[in-house]
Amino acid sequence: MMPAPLLEMRQIVKTFGSLRANDRVDFEVRSGEIHALLGENGAGKTTLMNILYGLYQPDSGEIFWKGEKIVLHSPRDAIRHRIGMIHQHLMLVPNFTVLENILVGLPSPQEPLLPIQETLARLKDFAAQYGLPIDPTLKVKQLPLGLQQRVEILKALFRGADLLILDEPTAVLSPLEVEDFFAVLRNLVDKGVSIIFISHKLDEVLRISDRITVLRQGKRVGTIETRQATQPILAEMMVGRAVALDHGFPKGGAAQPLLELKGVSLIRPKVGRVLKDINLTLHSGEILGIAGIDGNGQEELADVICGLIPYSEGQMLLEGRPIPNPTPRKMKAAGLGYVPADRQRVGLVKNFSIAHNLVLKSFDDPPFNRHGFLREKVVHLNAQQVVEAFDIRAAALSQPVGELSGGNQQKVILGRELKLATRLLVAVHPTRGLDVGATESVRQFLHAQKEKGIGILLISADLDELLAMSDRIAVLFRGEILGIVPGEAASLPAISRMMLGERLEAIA
Amino acid sequence: MEEFVWLTFLVSLLAAGVRLATPLLFAALGGITNELAGVLNIGLEGMMIGGTFGAYIGALLSGSEWGGALGGMLAGGLLGLLFAFLSITWRGDQVVLGTGLNIFALGLTSFLFRSMYKAGITQFVPSFQVWNIPLLSDIPLIGQIFFRQVPLVYLAYLLIPIATFLLYKTTWGLKLRCCGEHPRAAETVGVNVIKTRYLALCLSGMLAGLGGTFLSLGQIPAFTEGLVSGRGFIALAAIIFGRWKPLNVALACLLFGVADALQLRLQGFGLPIRYEFLLMFPYLLTLITFVIFVNRGDSPAALGKPYPDQ
Ligand SMILES: Nc1ncnc2c1ncn2[C@@H]1O[C@H](COP(=O)(O)OP(=O)(O)OP(=O)(O)O)[C@@H](O)[C@H]1O
Ligand SMILES: [Mg+2]
């Protein structure tokens, strides 16, 4: 006799216009388990969880919580039932301190005053109990993503959670941060919290979960015990057919130098040197990987190359010609495409259509523009091509990008930027948040570009990806390049040690 | 002798500055409230205009200046409610709506006032009288500047610490500010963003209405058209100048108030400058503030954006 499950969602249906985001989905979580939810981009995972958190109302279906039927009208109801959620796009106020972010909406014993002392004390408790230390006086915008996520977890714990929904929590974490994060999750389970865990990284899911439910195009495919699951089985459940996973790409083919950085430094007022004496050469037809723990200068390096931040010292050369003051416009004209890391903020205009977002950077240029007028037909055709090439799942090309699933938003940016890159591409975490199939197509696309002679700077926190794709890998640590090694599995130990601050010469 | 003249001049200038800053202060504190909640309210001017008229009617009907204050708050609050309905529920563009509100309030009050005038319903209404605060008003200089004013002035200055407390030290204030920074995040922790913004706009309207009340009942007890003449915009400038912090905003209002007082006095001096230029002075200051400070960051991140956002 099985005990009643903690949560049971029955026959949940949710439609957006003509699209069935959830189609009679059954979903069940047992007390004390980590239950992974898998599915391609747009499969309906976030939608289902938003329903469970009271953000969306289902068209039909029922939710049973601790054996009783409940109706969730808003997140207030979910919080009252002790359901917590950490969203795919973090729900933190960057300008608030950690403490303020935790305090918002928290009931106070001394209303209307904020329960500051009490919260600080509880924060200390939580730090010790769950291994979640944090400095409450820092502003959230000063924290690396790993710590921001910790703030989100604390927020949920403060409101009291028997069930914690984690929507792609590891997408933005570096491998080391993921280890810490998993330790926290196990700790939470020991303390009696049940967890729903969404991720596209199959190896993580296999390591951390007890059971796995797979969604495909809004429908539930099935639920299996993690013990019986393997990566190929899961991939096939998600996509509906066998998928080739993780095959390597042929290396080599680098030709003449394309982009050279000579002694480039970037000095930020108050912060100091965020890039130190960078010497790098990217050849045409080469993929140069940049490894490193998030926040060691990767994003600054990308911004400098793309002309977003002027560098303070040194020299940058494109095909042997110095570019003293690179600007985004100049670099674009030189054939550079840029996939930035923070795509929520810089990449998209949420209430513009997919088609318009795809020409956001080129609506001024032929063929999209003639005599100052946008040629909607051409724009539409372009969108059709990209949507096909990248398998963007949307109701229509005119759909606002804000309505797409997280992964499909990523694909829109990728589609636009990858097309702009005619000579040079800077890609920061290009497959972050993408499902297995989409990841594979992006990698294939990158490889095809390389074969065409384009030089690619690939910045990624995913070492497997770097090793599979790159001809060479440079490791950044505190703004400095500690060494450059060939992109092959044998380099892995050296890369790991450099990521922690050892120089290549010291390792050899 | 010379020194004495200067001192008298300075004291009367500052006393007038404190007085003239009062309507700005009411409106600016209201504006802070709705801006921190994420709503851009260009209609502050219109809400003040509504307040001047509401106060006049209130005083007329009740025969008391405090009844007038109630009328002013009611008129401002109703305009705030209207603005909330149009911008939040109806999701109109906040800049367009605010501008519309200003024109609407000006037109409506002029029309009503003229109709009443034709019908012969004009009479003197009770106005606020100076309250000398015992002891404090006897302090040399300080007493004359701050403590020989009408009660609305004291109320306005009292509201500075109250607003700071409410916005920065209470659970309500934190929720409100979260709505202005990241409304979706507020919603996910159980805050009702729509309700919070409605409330903020109503409060803001009531405060702007009090500012209007001061203009019609705090100085010369009469309603005339053009009493507000741009003070709502000056209050907006003060908010930006003071970076949304009540105390700094209050200081900015004081600066504008003193500038206004100075301008009035210089007109009396018979300087060889056309008085129109002097009249322009506070507005010029406003314009300069907008140009220099408006894009300095630290404005609420979701200011002016409707919610939900698609
Ligand atoms: N507010 C909305 N309006 C219209 N369509 C929506 C809305 N939210 C989601 N959708 C659509 O519903 C489908 C499911 O989206 P959902 O966000 O649940 O996917 P997901 O499984 O979380 O994908 P991902 O892995 O990319 O995050 C998508 O096709 C998406 O375009
Ligand atoms: Mg999602």
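You'll find the structure just up there.
The following refers to the structure shown. (Residues numbered from 1 in each chain as written. Chains lettered and ligands numbered in written order. Predicted model: local features only at pLDDT ≥ 70, side-chain atom pairs only at ≥ 80, totals over all residues. Heavy atoms only, no water.)

## Section: the sheet that holds strand β16 (residues 336-339) of chain A
In a beta sheet, neighbouring strands are held together by backbone hydrogen bonds and run either parallel or antiparallel to one another. Residues and elements named next belong to chain A. The strand order β16-β19-β20-β13-β21-β22 describes an open sheet built from six strands, whose pairing is mixed. Strands with a single pairing partner mark the edges of an open sheet, and in this sheet they are β16 and β22 (480-486). Taking the axes of each pair of neighbouring strands and ignoring which way they run, one obtains an average angle of 15° across the sheet. Direction of pairing for strand β21 (residues 472-477) relative to β22: antiparallel, over a ladder of six bridges. Bridging from a neighbouring strand, V475 pairs with G483 of β22. Its contacts with the sheet put helix α9 (residues 298-305) on β13 (287-291), β16, β19 (424-428), β20 (455-459) and β21, and the angle it makes with β16 is roughly 150°. Its contacts with the sheet put helix α14 (residues 406-420) on β16 and β19, and the angle it makes with β16 is roughly 160°. (Pairing = 2+ DSSP bridges. Helix = DSSP H or I, 4+ residues; strand = E, 2+ residues; numbered from the N terminus. Axes fitted to C-alpha atoms, helices over the stretch in contact; angles between N-to-C directions. Contact = heavy atoms within 4.5 Å.)

## Some details on the interface of chain A and chain B
Taken residue by residue, the interface counts 28 residues in chain A and 21 residues in chain B. Buried area between chain A and chain B, summed over both chains or domains, comes out near 2100 Å², and the portion from carbon and sulfur atoms is 65%. Contact with chain B buries surface across chain A, with M91, V104 and L114 of chain A losing the most and accounting together for 25% of the total. For the pair chain A and chain B, the interface holds one salt bridge. Linking R177 of chain B and E100 of chain A is a salt bridge whose minimum nitrogen-to-oxygen distance equals 3.3 Å. Counting across the interface, chain A meets chain B through seven residue pairs in polar contact (both at pLDDT 80 or more). For the side of chain A that touches chain B, the element with the highest residue contribution is helix α2 (residues 75-80) of chain A, accounting for three residues. Of the residues contributing to the side of chain A that touches chain B, the split by class is 16 nonpolar, six polar and six charged. (Buried area = accessible area lost by both parts, 1.4 Å probe. Salt bridge = Lys/Arg side-chain N within 4 Å of Asp/Glu carboxyl O. Polar contact = N/O pair within 3.5 Å; in protein donor to acceptor, adjacent residues only side chain to side chain. Nonpolar A, V, L, I, M, F, W, Y, C, P; charged D, E, K, R; others polar.)

## A closer look at the packing of aromatic side chains
This model, assessed by the stated rule, comprises ten aromatic pairs over all chains. Taking 6.1 Å as the distance between ring centres and 75° as the angle between the ring planes, the aromatic pair formed by Y56 of chain B and F113 of chain B counts as edge-to-face. Within this pair, whereas Y56 of chain B is found in helix α2 (residues 44-62), its partner F113 of chain B is found in helix α4 (residues 94-118), the two being separated by 57 residues in sequence. For Y56 of chain B, a relative accessible area of 4% gives the class buried. Cluster of aromatic residues (ring-pair linked, three or more members): F126, Y130 and F158 of chain A. Above the face of the F64 of chain A ring, R10 of chain A is positioned so that its terminal group lies 4.1 Å from the ring centre. Taking the ring centre of Y130 of chain A as reference, the NZ or CZ of K191 of chain A above it sits at 5.4 Å. (Phe/Tyr/Trp six-rings, centres within 6.5 Å; stacked < 30°, edge-to-face > 60°. Buried < 20%, exposed > 50% of the residue type's maximum accessible area, 1.4 Å probe, protein only. Lys NZ or Arg CZ within 6 Å of the ring centre and 35° of its normal.)

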